[in-house]
2 protein chains.
Amino acid sequence: MKLNRKPRGEVTRQAILEAAELVFAEVGYAAARLEDVAEAVGIRRPSIVYYFSSKQELYDAVEADIFADLHAFSQARLKQADACFPRLIALLDAWLDFHVGRPSAARIIQRLVADVTPRQGNPVQYSNSALKDIEAVVNEGVAAGQFVDISPIQLLNSVGAGALFYVCNAGQVGENRRYDPADPAELARFRALLHRLAAAAVRGDRR
Amino acid sequence: MKLNRKPRGEVTRQAILEAAELVFAEVGYAAARLEDVAEAVGIRRPSIVYYFSSKQELYDAVEADIFADLHAFSQARLKQADACFPRLIALLDAWLDFHVGRPSAARIIQRLVADVTPRQGNPVQYSNSALKDIEAVVNEGVAAGQFVDISPIQLLNSVGAGALFYVCNAGQVGENRRYDPADPAELARFRALLHRLAAAAVRGDRR
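None of the values given here were measured: they were computed from a predicted structure.

Q: Quick rundown of the interface of chain B and chain A? Include the residues and the values.
A: Accessible area lost upon the coming together of the parts is a frequently used measure of interface size. Taken together, the contact between chain B and chain A spans 54 residues of the former and 54 residues of the latter. Joining chain B to chain A, the criterion identifies 4 salt bridges. In this structure, B:Arg177 and A:Glu135 form a salt bridge, with 2.6 Å as the shortest nitrogen-oxygen distance. Mapped onto the side of chain B that touches chain A, the elements with two or more residues apiece are α1 (7-31), α6 (103-114), α7 (128-143), α8 (152-160), α9 (162-168) and α10 (184-203) of chain B. By residue class, the composition of the side of chain B that touches chain A is 31 nonpolar, 12 polar and 11 charged.

Following this line, the structure appears as structure tokens:
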């Protein structure tokens, strides 16, 4: 802990984190180089090492930052909803808006799902807060008898995955199918679809 | 084209492809090394180069193989269904069963969505067949007035993404939430959920 760290150091550290998030999003953990991050910040490689001793440490800081922000963003939205289904919608909307606003985070999480490599010891070291958010919202709906008995992880893997795919796939579907995930009309359609799916997931097979 | 390629050569080529799929799935394109593939097959690196002149060429062959098999598997299932909604279900079931049976393919596609790197020139060079499959099924349902007017890509990014997340996330959600995607009860629950979501997606907001 550098207790007397100067504000200027904090500014540099933040600039490194932001540049690193873009680099990790663009090329993935394995191909990312500290040199590329340094160049993007306009400093030299040894200056990065002053703040983050290794690529792993830098990656960890990026992932921790993403999930901390996602959790805070989600909790702020959840405070505005009290009934069970509106809370589920608030959480799904929070995820969608967060990823649309920060596509680099979406791509890092998308990779994390495929990739045991940079998080081998404990894949949920940082993502656990997001998993707990959806578990809490789903489990309280089930406990209140408002939702069918659905697994939060199955909901995550279907409706919850939508925000990541919607953002990450925008440039990956070919020239004639490209879309802008931040386009208001495109986003409104996708949001309405997710809401419909969420309703079907938690209410759908009640007889 | 090696027109007189010996069957034994074909066997080796296939063994290289299978080993490479596992390596690319495990560590991604950037971190994958031809040496690791060679070791898994039990041959030396130069023997791989005889079949695939570079890592890019080997990766291309793996991706081409995955999407060719996925397309053939999907088409075989689609032949068994004729009405619009059963055809959508047949396609989603085909994707789910394909990925459950071949998780390495799921992880490679999951990465492809995040990753412009190994397919920079044309991200849909091989995946286009899968995109066309879902476009055909969705568009025919819309044209027949059986489905609401939904974008095939939005359906892909929500309900269609489920199979990939379900398979890839199995070991990424933490010790206490791990599941076996091939477990019959787990799979049956997820399949039923996808069917419910598909119905809501294409029929949901008809008034």
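Q: A description of the relation of the copies chain B and chain A should follow, citing residues and the corresponding values.
A: Screw-axis analysis of chain B against chain A gives a translation of 0.0 Å along the axis, an RMSD of 0.0 Å, and a rotation angle of 180 degrees. Within this description, the copies of the chain are treated as partners about a two-fold rotation axis. Counting the interface residues of chain B, we find that 100% of their copies in chain A are interface residues as well, pointing to one common contact surface.

Q: Tell me about the environment of B:Glu186, residues and numbers included.
A: Tracing the backbone through its elements, the reader meets B:Glu186 in helix α10. Sequence separation between B:Glu186 and B:Ala200 is 14 residues, and the spatial gap between their C-alpha atoms is 21 Å. Among all residues touching B:Glu186, those that are not within four sequence positions of it are A:Gln154, B:Tyr166, B:Tyr179 and B:Asp180.

Q: Can you lay out the packing of aromatic side chains for me, pointing to particular residues and giving the numbers?
A: Aromatic ring pairs: the centre-centre distance and the angle between the two ring planes describe each pair. Tallied over the entire structure, the rule returns 15 aromatic pairs over all chains. Arranged with centres 5.3 Å apart and planes meeting at 75 degrees, the rings of A:Tyr29 and A:Tyr59 form a pair that is edge-to-face. Of this pair, A:Tyr29 sits in helix α1 (residues 7-31) while A:Tyr59 sits in helix α4 (residues 55-78), placing them 30 residues apart in sequence. With relative accessibility at 4%, the residue A:Tyr59 sits in the buried group. Centroid distance B:Phe24 to B:Tyr29: 6.1 Å. Interplanar angle 15 degrees. Geometry classified as stacked. Taken together, the aromatic side chains of A:Phe24, A:Tyr29 and A:Tyr59 make up a single cluster linked through ring pairs. Over the ring of A:Tyr29 we find A:Lys55; its NZ or CZ atom is 4.7 Å from the centre of that ring. Its guanidinium or amino end placed over the ring of A:Phe85, A:Arg203 lies 4.0 Å from that ring's centre, counting from NZ or CZ.

Here is what the cut-offs are and how they apply
Residues numbered from 1 in each chain as written. Chains lettered and ligands numbered in written order. Predicted model: local features only at pLDDT ≥ 70, side-chain atom pairs only at ≥ 80, totals over all residues. Heavy atoms only, no water. Contact = heavy atoms within 4.5 Å. Salt bridge = Lys/Arg side-chain N within 4 Å of Asp/Glu carboxyl O. Helix = DSSP H or I, 4+ residues; strand = E, 2+ residues; numbered from the N terminus. Nonpolar A, V, L, I, M, F, W, Y, C, P; charged D, E, K, R; others polar. Least-squares fit on C-alpha atoms with pLDDT ≥ 70 in both. Phe/Tyr/Trp six-rings, centres within 6.5 Å; stacked < 30°, edge-to-face > 60°. Buried < 20%, exposed > 50% of the residue type's maximum accessible area, 1.4 Å probe, protein only. Lys NZ or Arg CZ within 6 Å of the ring centre and 35° of its normal.

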